[in-house]
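Residues per chain are reported as follows:
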Amino acid sequence: MATILETLRQSEDLNTFVNLVEIADLKGMLNDRGPFTVFAPTDGAFESLSGEALHDLKQNKNRLADVLMWHIVVGVLRLEEVPGMRNPTIKTLQGSELNVSIIDEEFRVNDARIVTGNIGCDNGVIHIIDGVLMQAMAEIVAR
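Residues numbered from 1 in each chain as written. Predicted model: local features only at pLDDT ≥ 70, side-chain atom pairs only at ≥ 80, totals over all residues. Heavy atoms only, no water.

Draft legend 1. Region of the structure containing the nonpolar core. Membership of the largest hydrophobic core comes to 30 residues, with the highest contact counts inside it found for Ile4, Leu8, Phe17, Leu30, Val38, Leu68 and Ile126. Those elements that place two or more of their residues in this core are helix H1 (4-10), helix H2 (15-23), helix H3 (27-32), strand S1 (36-41), helix H4 (43-47), helix H5 (51-59), helix H6 (61-69) and strand S7 (124-129). Considering every element that reaches this core, the biggest residue donor is H6, with 5 residues. Not counting the four nearest positions on each side in its chain, Ile126 is found in contact with Ile4, Thr7, Leu8, Val38, Ala40, Thr116, Gly117, Asn118, Ile119 and Cys121. (Core = buried A, V, L, I, M, F, W, Y, C linked by side-chain atoms within 4.5 Å. Buried < 20%, exposed > 50% of the residue type's maximum accessible area, 1.4 Å probe, protein only. Helix = DSSP H or I, 4+ residues; strand = E, 2+ residues; numbered from the N terminus. Contact = heavy atoms within 4.5 Å.)

Draft legend 2. Geometry of the pattern of salt bridges. In the structure shown here, the tally under the stated rule is 4 salt bridges. Where Arg9 meets Glu22, a salt bridge forms, and the shortest distance between an N and an O atom there is 2.8 Å. Here Arg9, found in helix H1, pairs with Glu22, found in helix H2; they are 13 residues apart in sequence, far enough to count as distant. When its relative accessible area of 27% is taken as the criterion, Glu22 is described as partly exposed. (Salt bridge = Lys/Arg side-chain N within 4 Å of Asp/Glu carboxyl O.)

Draft legend 3. Focus on the sheet that holds S1. If you walk across this open sheet you meet the 7 strands as S2-S1-S7-S6-S5-S4-S3, and the pairing is mixed. Of all strands in the sheet, those with a lone pairing partner are strand S2 (72-74) and strand S3 (89-91), marking the two edges. Recorded for the sheet is a direction-independent mean angle of 30° between the axes of neighbouring strands. Summarising the sheet, strand S6 (residues 112-121) and S7 pair through 5 bridges and their orientation is antiparallel. Within S7, the residue paired with Ile114 across the bridge is Ile129. (Pairing = 2+ DSSP bridges. Axes fitted to C-alpha atoms, helices over the stretch in contact; angles between N-to-C directions.)

Draft legend 4. Representation of the environment of Gly131. Within the secondary structure, Gly131 sits in the loop between S7 and helix H7 (134-141). C-alpha separation for the pair Gly131 and Gly120, spaced 11 residues apart in sequence, amounts to 21 Å. Beyond its immediate stretch of four places on either side in the chain, Gly131 contacts Pro41, Ala45 and Ala112.

Draft legend 5. Geometry of the pairing of S7. Most of S7 is tucked away, with 6 of its 6 residues classed as buried. Covered by surrounding structure in S7 are Gly124, Ile126 and Ile128 together with Val125, His127 and Ile129, the residues of both alternating faces. Where S1 lies against S7, 6 bridges are found, and the strand directions are parallel. Residue Val38 lies in a different strand from S7, and its bridge partner there is Ile126. Adjacent in sequence and paired antiparallel, S6 and S7 are bridged by 2 residues.

Draft legend 6. Spotlight on the packing of H5 against H6. Close contact between H5 and H6 brings their axes to 5 Å; oriented N to C, the two are set at 110°. The orientation of H5 with respect to H6, classified from their angle, is roughly perpendicular. Counting all contacts with H5, which are made through Leu57, Lys58 and Gln59, the residues of H6 involved are Lys61, Arg63, Leu64 and Val67. Across the contact of H5 with H6, the residue classes break down as 3 nonpolar, 1 polar and 3 charged. (Parallel < 35°, antiparallel > 145°, perpendicular 65-115°, else oblique. Nonpolar A, V, L, I, M, F, W, Y, C, P; charged D, E, K, R; others polar.)

Draft legend 7. Expanded view of the pairing of strand S4 (residues 97-103). Sheet analysis places S3 next to S4, joined by 3 bridges and oriented antiparallel. When the sheet's bridge partners are listed, Ile90 is paired in S4 with Leu98. Count of turn residues in the S3/S4 antiparallel hairpin: 5 residues, of which Gly95 carries a positive phi of about 110°. Looking at chain direction, S4 and strand S5 (residues 106-109) are connected through 4 bridges and run antiparallel. If you follow Ile102 over to S5, its bridge partner there is Phe107.

In C-alpha coordinates form, the structure reads like this:
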(Lines give C-alpha, C1' and ligand atoms only; values in the text may rest on other atoms or scores of the structure.)
Protein backbone atom coordinates (compact mmCIF):
# COMPACT_ATOMS: atom_id res chain seq x y z
CA MET A 1 0.00 0.00 0.00
CA ALA A 2 1.07 3.63 -0.47
CA THR A 3 1.00 6.62 1.86
CA ILE A 4 -1.76 9.22 1.69
CA LEU A 5 0.44 11.59 -0.32
CA GLU A 6 1.54 8.87 -2.75
CA THR A 7 -2.09 7.81 -3.22
CA LEU A 8 -3.24 11.41 -3.78
CA ARG A 9 -0.53 11.84 -6.42
CA GLN A 10 -1.77 8.75 -8.28
CA SER A 11 -5.25 10.21 -8.75
CA GLU A 12 -5.93 12.08 -11.97
CA ASP A 13 -8.56 14.32 -10.35
CA LEU A 14 -6.71 15.55 -7.23
CA ASN A 15 -3.90 17.55 -8.83
CA THR A 16 -4.95 20.88 -7.31
CA PHE A 17 -5.19 19.41 -3.80
CA VAL A 18 -1.75 17.80 -4.15
CA ASN A 19 -0.28 21.07 -5.48
CA LEU A 20 -1.72 22.99 -2.52
CA VAL A 21 -0.42 20.39 -0.05
CA GLU A 22 3.04 20.89 -1.52
CA ILE A 23 2.80 24.70 -1.38
CA ALA A 24 1.67 24.52 2.28
CA ASP A 25 4.55 22.18 3.19
CA LEU A 26 2.23 19.43 4.41
CA LYS A 27 3.95 16.76 2.30
CA GLY A 28 5.91 15.28 5.17
CA MET A 29 2.86 14.99 7.38
CA LEU A 30 0.78 13.17 4.75
CA ASN A 31 3.70 11.01 3.69
CA ASP A 32 5.00 9.91 7.08
CA ARG A 33 2.72 10.42 10.03
CA GLY A 34 -0.76 9.27 10.73
CA PRO A 35 -3.17 7.75 10.81
CA PHE A 36 -5.30 10.44 9.18
CA THR A 37 -8.61 10.69 7.39
CA VAL A 38 -8.33 13.11 4.47
CA PHE A 39 -11.34 14.64 2.73
CA ALA A 40 -9.73 15.54 -0.62
CA PRO A 41 -11.64 17.92 -2.92
CA THR A 42 -11.53 17.13 -6.62
CA ASP A 43 -9.97 19.46 -9.17
CA GLY A 44 -13.52 20.39 -10.22
CA ALA A 45 -14.29 21.43 -6.65
CA PHE A 46 -11.39 23.88 -6.69
CA GLU A 47 -12.43 25.16 -10.13
CA SER A 48 -15.71 26.32 -8.57
CA LEU A 49 -13.79 28.77 -6.35
CA SER A 50 -12.96 32.22 -7.59
CA GLY A 51 -9.50 32.41 -9.07
CA GLU A 52 -8.77 35.33 -6.74
CA ALA A 53 -9.53 33.31 -3.59
CA LEU A 54 -7.31 30.45 -4.69
CA HIS A 55 -4.53 32.84 -5.75
CA ASP A 56 -4.68 34.61 -2.37
CA LEU A 57 -4.43 31.31 -0.52
CA LYS A 58 -1.40 30.27 -2.54
CA GLN A 59 0.29 33.53 -1.50
CA ASN A 60 -0.35 32.96 2.22
CA LYS A 61 1.09 29.60 3.24
CA ASN A 62 -0.30 29.78 6.79
CA ARG A 63 -3.88 30.39 5.63
CA LEU A 64 -3.50 27.72 2.99
CA ALA A 65 -2.30 25.22 5.59
CA ASP A 66 -5.31 26.12 7.77
CA VAL A 67 -7.73 25.49 4.90
CA LEU A 68 -6.08 22.18 4.05
CA MET A 69 -5.95 21.03 7.69
CA TRP A 70 -9.71 21.67 7.83
CA HIS A 71 -9.91 18.70 5.43
CA ILE A 72 -7.80 16.37 7.63
CA VAL A 73 -8.82 14.45 10.76
CA VAL A 74 -6.59 12.48 13.12
CA GLY A 75 -7.48 8.78 13.03
CA VAL A 76 -9.21 6.60 10.49
CA LEU A 77 -12.92 7.10 9.78
CA ARG A 78 -14.35 4.53 7.39
CA LEU A 79 -17.74 5.20 5.82
CA GLU A 80 -19.28 2.06 7.30
CA GLU A 81 -18.70 3.61 10.75
CA VAL A 82 -20.86 6.69 10.01
CA PRO A 83 -24.32 5.13 10.54
CA GLY A 84 -23.38 4.01 14.05
CA MET A 85 -21.78 7.27 15.17
CA ARG A 86 -23.37 8.73 18.31
CA ASN A 87 -21.89 12.13 17.55
CA PRO A 88 -21.64 12.95 13.84
CA THR A 89 -19.04 15.67 14.37
CA ILE A 90 -15.31 15.10 14.03
CA LYS A 91 -12.50 17.48 14.92
CA THR A 92 -10.05 18.55 12.22
CA LEU A 93 -6.34 19.24 12.50
CA GLN A 94 -7.23 22.91 12.09
CA GLY A 95 -9.28 22.65 15.31
CA SER A 96 -12.77 23.07 13.88
CA GLU A 97 -15.46 20.43 13.55
CA LEU A 98 -16.94 18.72 10.51
CA ASN A 99 -20.36 17.11 10.33
CA VAL A 100 -20.46 13.67 8.76
CA SER A 101 -23.86 12.43 7.65
CA ILE A 102 -25.87 10.34 5.24
CA ILE A 103 -28.43 12.30 3.22
CA ASP A 104 -30.52 10.60 0.54
CA GLU A 105 -28.24 7.55 0.81
CA GLU A 106 -25.14 9.66 0.09
CA PHE A 107 -22.30 10.19 2.53
CA ARG A 108 -21.54 13.85 3.17
CA VAL A 109 -19.04 15.91 5.08
CA ASN A 110 -20.59 19.32 5.79
CA ASP A 111 -22.12 20.27 2.42
CA ALA A 112 -19.74 18.21 0.27
CA ARG A 113 -20.70 14.81 -1.11
CA ILE A 114 -18.23 11.96 -0.75
CA VAL A 115 -17.88 10.69 -4.31
CA THR A 116 -15.29 8.00 -3.59
CA GLY A 117 -14.61 6.74 -0.11
CA ASN A 118 -12.50 4.35 1.91
CA ILE A 119 -9.34 4.62 -0.17
CA GLY A 120 -6.95 2.80 2.13
CA CYS A 121 -3.39 4.00 2.64
CA ASP A 122 -0.48 2.97 4.85
CA ASN A 123 -1.09 5.95 7.09
CA GLY A 124 -4.84 6.43 6.89
CA VAL A 125 -7.78 6.73 4.53
CA ILE A 126 -8.88 9.17 1.83
CA HIS A 127 -12.43 10.18 0.95
CA ILE A 128 -12.74 12.19 -2.27
CA ILE A 129 -15.31 14.99 -2.01
CA ASP A 130 -17.05 17.11 -4.62
CA GLY A 131 -16.58 20.44 -2.86
CA VAL A 132 -14.06 22.48 -0.94
CA LEU A 133 -15.27 22.83 2.62
CA MET A 134 -16.49 26.37 2.14
CA GLN A 135 -16.95 27.13 5.81
CA ALA A 136 -13.19 26.72 6.08
CA MET A 137 -12.59 29.06 3.18
CA ALA A 138 -14.98 31.71 4.52
CA GLU A 139 -13.59 31.74 8.04
CA ILE A 140 -9.92 31.53 7.16
CA VAL A 141 -9.89 33.92 4.21
CA ALA A 142 -11.77 36.48 6.35
CA ARG A 143 -8.87 36.64 8.84
